[in-house]
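Chain by chain, the residues:
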Amino acid sequence: MKNFHRIRFGLLSLALLVPALCISQEKFIEMKKTDEFRHQLGQATKQVSSVTSNFIQEKNLSVISEKIISKGNFLFKKEKKLRWEYTDPFTYLIIFRDDKIFIKDETKANQFDVHSNKLFAEINRIMIGSIQGTLLSDDKNFKPAYFESSRNFLVKLKPVLPGLKQFLDEIWIYFDKLDYTVSRLEMRESSGDYTKIDFLEKKLNEPIPDEKFNFK
């Protein structure tokens, strides 16, 4: 029975990885009209009040030979509300609301201020900045490089400040050319480890109850 569940999860992970493989196989070239892209992105993100999406996350660690695959649901709602709910192969919940973080696993729950943890503060800022497009204009912290394929725009952000360089080498943000929403987020660490998050079945501007971002 355990082997059956492993095979089932393996096949499900493979099916969910198909969109990720498509992005990986795309040919990207240097973007020519960067100002036009930034303007269009800014206009598009102004129209987005909420995002509902499934996601699949692939984490690569140098100390482990196999990739760590997990999946779940993602919610975003203006202003500054994020909900990450991992459902497979474990249950784990992270809620960012304003400047607070709530984390709950199968055994315990914790709540703390985002400013008390620099890494969480940066993750919160990166995620919201990616969705709203504001991260691209953060010249104080990042140096951007722009690319595009037939289906996606790609922005590579190189950290400028020494504090960020300690745990981040680059952030890669893929934007769908159809609606300028984030289709993939990659966080590449200085150690060579990296995390890829692919957003699937996205829905924009659908009502999301505030209760989804409650801490309990």
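Rules and cut-offs
Residues numbered from 1 in each chain as written. Predicted model: local features only at pLDDT ≥ 70, side-chain atom pairs only at ≥ 80, totals over all residues. Heavy atoms only, no water. Helix = DSSP H or I, 4+ residues; strand = E, 2+ residues; numbered from the N terminus. Buried < 20%, exposed > 50% of the residue type's maximum accessible area, 1.4 Å probe, protein only. Contact = heavy atoms within 4.5 Å. Areas by Shrake-Rupley, 256 points an atom, 1.4 Å probe, with all protein chains shown as cover. Core = buried A, V, L, I, M, F, W, Y, C linked by side-chain atoms within 4.5 Å. Pairing = 2+ DSSP bridges. Axes fitted to C-alpha atoms, helices over the stretch in contact; angles between N-to-C directions.

Draft legend 1. A look at the overall build of the protein chain. Each helix and strand in the protein chain was counted, giving five helices and 12 strands. Relative to its full complement of 216 residues, the protein chain shows a buried share of 42%. Within the protein chain, contacts between residues at least 6 apart in sequence are counted, and of these 48% link residues at least 24 apart. Summed over all atoms, the accessible surface of the protein chain reaches about 12300 Å², with 53% contributed by carbon and sulfur.

Draft legend 2. Molecular detail of the nonpolar core. Formed by 38 residues in total, the largest nonpolar core has its most connected members in Phe37, Phe74, Leu82, Trp84, Ile173, Phe175 and Phe199. Counting residues per element, this core draws most heavily on helix H4 (residues 118-132), which supplies four residues. Beyond its immediate sequence surroundings of up to four residues, Phe74 is in contact with Val51, Thr52, Ser53, Phe55, Leu82, Arg83, Trp84, Met127, Ile131 and Phe199. Core analysis: the second largest hydrophobic core is formed by seven residues, Ile95, Phe102, Phe213 and Phe215 among them.

Draft legend 3. Geometry of unusual backbone geometry. In this structure, Glu79 follows Lys78 across a cis peptide bond, with omega equal to -5°. Here Glu79 shows up in the loop between strand S3 (68-77) and strand S4 (81-88). Cis geometry marks the peptide bond from Asp88 to Pro89; its omega dihedral reads 0°. Within the secondary structure, Pro89 sits in the loop between S4 and strand S5 (92-97). Not every positive phi belongs to a glycine, and Lys80 is a case in point at roughly 55°. With respect to the helices, strands and loops of the structure, Lys80 is situated in the loop between S3 and S4.

Draft legend 4. Summary view of the environment of Ser70. When you line up the elements, Ser70 lands in strand S3. The class of Ser70 is buried, set by a relative accessible area of 2%. A C-alpha to C-alpha distance of 8.5 Å links Ser70 and Phe55, two positions 15 residues apart in sequence. Ser70 has contacts with Phe55, Ile56, Gln57, Tyr86, Asp88, Pro89 and Phe90, leaving out every residue within four places of it along the chain.

Draft legend 5. Local environment of the sheet that holds strand S11 (residues 182-188). Sheet architecture is open: 12 strands sit in the order S1-S8-S9-S10-S11-S12-S2-S3-S4-S5-S6-S7, paired in antiparallel fashion. With partners counted over all chains shown, the strands left at the sheet margins are strand S1 (29-30) and strand S7 (109-113), one partner each. Pairing geometry for strand S9 (residues 152-159) and strand S10 (residues 170-176), over six bridges, is antiparallel. Note on S10: the bridge partner recorded for Asn152 is Asp176. With respect to the sheet, helix H3 (residues 34-46) is in contact with strand S8 (142-148), S9 and S10, its orientation differing from that of S8 by roughly 100°. Contacts from H4 reach strand S2 (50-60), S3, S4, S5, strand S6 (100-104), S7, S8, S10, S11 and strand S12 (194-204), with the element oriented near 105° to S4.

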